[in-house]
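# Structure assessment
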Amino acid sequence: MKKILKFIVLAIVFPALIISTAGLAYLHFFASNDKNLSGEWTASLDVTEQAAVVAFGWLQDIEAVSVSMQDMESHMQGLEIAVRLTFEETQRSAGTFRCDVLPESYDSCNQAAYEAFASAFRQLLAERLRMADYAGGTDDEAVEALVAETFGMSTVSYLMSCGPKLLPSLEELQAQYEGSGTYETKEGILTRQFEDGESVRTKEEQYVRKGTHLILTGEHDAASQGYFADHYPVLYTLETQE
């Protein structure tokens, strides 16, 4: 009886030990890697909605012909600004970081936003000209030529000079995102200390890492301001070296 009982205990306990040991090994060698954020991550901040809202409001203010928010959104598509976040783990779950808004990405996004705005603006001008029984052409090229003749510049240049600011300024984004310092991760919270000369500010964010994706799901800093402060989650993708 004792031998049978001993055999049963061993038959149950021994496999359980193997399973738990394998589980611990997995957590140590694999799951723990998700806590190591070392590498270069890039996020694309979507500014499509903001650009469409600002453009729509400006057109309403100048009493343009009927245009809907859906019309503006159909022109404004895929407007994104790249932010690069680099981590270097120097000890377990802690290290140094640097975050930069890529100026070339901002410039190309800003240009694309105004080109989309200009396309919508030319269509509205063409509609207004037709309503006024304009005898000339109202296709894109004809309207563009009319704008150049009237204002001495292209539609894009006119809107950039005299129209609304479609995107947050590069300086605003840099103030909100850029900086360097130290970080640590604990229980799903990423804490970054930005060191700017003699001053230090701390930002706490909930984070989830899934392989090559890092998702910042919410900011704990109540003093955080700016367009993107309430637009989480922000998805960063790890730039792998080929």
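Above this note sits the structure.
A brief structural summary. Going along each chain's sequence as written, the residues are numbered from 1 onward. Confidence filtering applies because this is a predicted model: local features only for residues at pLDDT of at least 70, side-chain atom pairs given and counted only at 80 or more, and all residues used for totals across whole chains, interfaces and linings. For the side-chain quantities, the full set of heavy atoms in the structure was used; hydrogens and water were omitted.

## So, the overall build of the protein
Spelled out, the test is: Note on conventions: DSSP H or I runs of at least 4 residues are helices, E runs of at least 2 residues are strands, and numbering of each starts at the N terminus. Between two residues, a contact is recorded if the distance between any of their heavy atoms is within 4.5 Å. To be clear on the numbers: accessible area is Shrake-Rupley with a 1.4 Å probe, and residue cover counts the displayed protein chains and nothing else.
What the protein contains, in helices and strands, is seven helices and eight strands. Sequence-distant contacts, at least 24 apart, represent 62% of the contacts inside the protein between residues at least 6 apart. As presented, the protein carries roughly 14500 Å² of accessible surface, and 54% of it is formed by carbon and sulfur atoms.

## Quick word on helix 7 (residues 170-177)
Our working definition: Exposure classes here rest on a 1.4 Å probe applied to the protein chains alone. A residue is buried below 20% of its type maximum, exposed above 50%, and partly exposed in between. Taken from the helix axis, the directions to the C-beta atoms give the arc we talk about.
Among the residues making up helix 7, those that are buried are Leu170, Leu173, Gln176 and Tyr177. Take helix 7 and look down its axis: the buried residues cluster within an arc of 130°, on one side only. When the buried face of helix 7 is taken as reference, the exposed residues oriented beyond 90 degrees from it are Glu171 and Ala175. Trailing helix 7 by a residue or two, Gly179 shows a phi angle of about 150°, which is positive.

## Focus: a negative patch on the surface
Spelled out, the test is: Two joining distances apply to patches: 9 Å for like charges and 5 Å for nonpolar side chains (Val, Leu, Ile, Met, Phe, Trp, Tyr), and every residue must have over 30% relative accessible area and no salt bridge. For this document, the term salt bridge refers to a Lys or Arg side-chain nitrogen within 4 Å of an Asp or Glu carboxyl oxygen. Residues counted as positive are Lys and Arg, residues counted as negative are Asp and Glu, and His and the chain ends are not counted. Note on charges: their place is set at NZ of Lys, CZ of Arg, CG of Asp or CD of Glu.
Taken together, the side chains of Asp46, Glu49, Glu73 and Glu80 make up a negatively charged region of the molecular surface. In this structure, Glu80 sits in strand 2 (residues 80-91).

## Concerning the environment of Phe97
Among the structural elements, Phe97 can be located in strand 3 (residues 94-101). Sequence spacing of Phe97 and Thr182 is 85 residues, and the spatial spacing of their C-alpha atoms is 5.9 Å. Not counting residues up to four positions away in its chain, the partners in contact with Phe97 are Leu85, Thr86, Phe87, Gly179, Ser180, Gly181, Thr182, Tyr183, Arg192, Gln193 and Phe194.

## A word on the pattern of salt bridges
Going through the model one piece at a time under the given rule, you end up with five salt bridges. Between Glu172 and Lys165 there is a salt bridge, with the nearest N and O atoms lying 3.9 Å from each other. A salt bridge links Arg192 to Glu205, with the shortest nitrogen-to-oxygen separation between them at 2.9 Å. Residue Arg192 is found in strand 5 (residues 189-196), and its partner Glu205 is found in strand 6 (residues 199-210); the two are separated by 13 residues along the sequence. Residue classification places Glu205 among the buried residues on the basis of a relative accessible area of 1%.

## What about the packing of aromatic side chains?
Note the cut-off: Only Phe, Tyr and Trp rings are paired, with Trp represented by its six-membered ring, and only when their centres lie within 6.5 Å; those with planes under 30 degrees apart are stacked, over 60 edge-to-face, the remainder tilted. Only lysine NZ and arginine CZ atoms are considered, and such an atom sits over a ring when it is within 6 Å of the ring centre and within 35 degrees of the ring normal.
For the coordinates displayed, the defined rule picks out six aromatic pairs. An angle of 80° between the planes, with centres 5.7 Å apart, marks the rings of Trp58 and Phe117 as edge-to-face. Here the residue Trp58 occupies a position in helix 2 (residues 48-61), and Phe117 occupies one in helix 4 (residues 103-131), the gap between them amounting to 59 residues. Relative accessible area serves as the criterion here: at 15%, Trp58 is assigned to the buried category. Residue class for Phe117 comes out buried when judged on its relative accessible area of 0%. The rings of Trp58, Phe117, Phe121, Phe151 and Tyr158 are connected pair by pair, giving a single aromatic cluster. Across the ring face of Phe97, the terminal group of Arg192 is positioned such that the distance to the ring centre comes to 5.2 Å. A cation sits over an aromatic face here: Lys203 above Tyr177, 5.7 Å from the ring centre.

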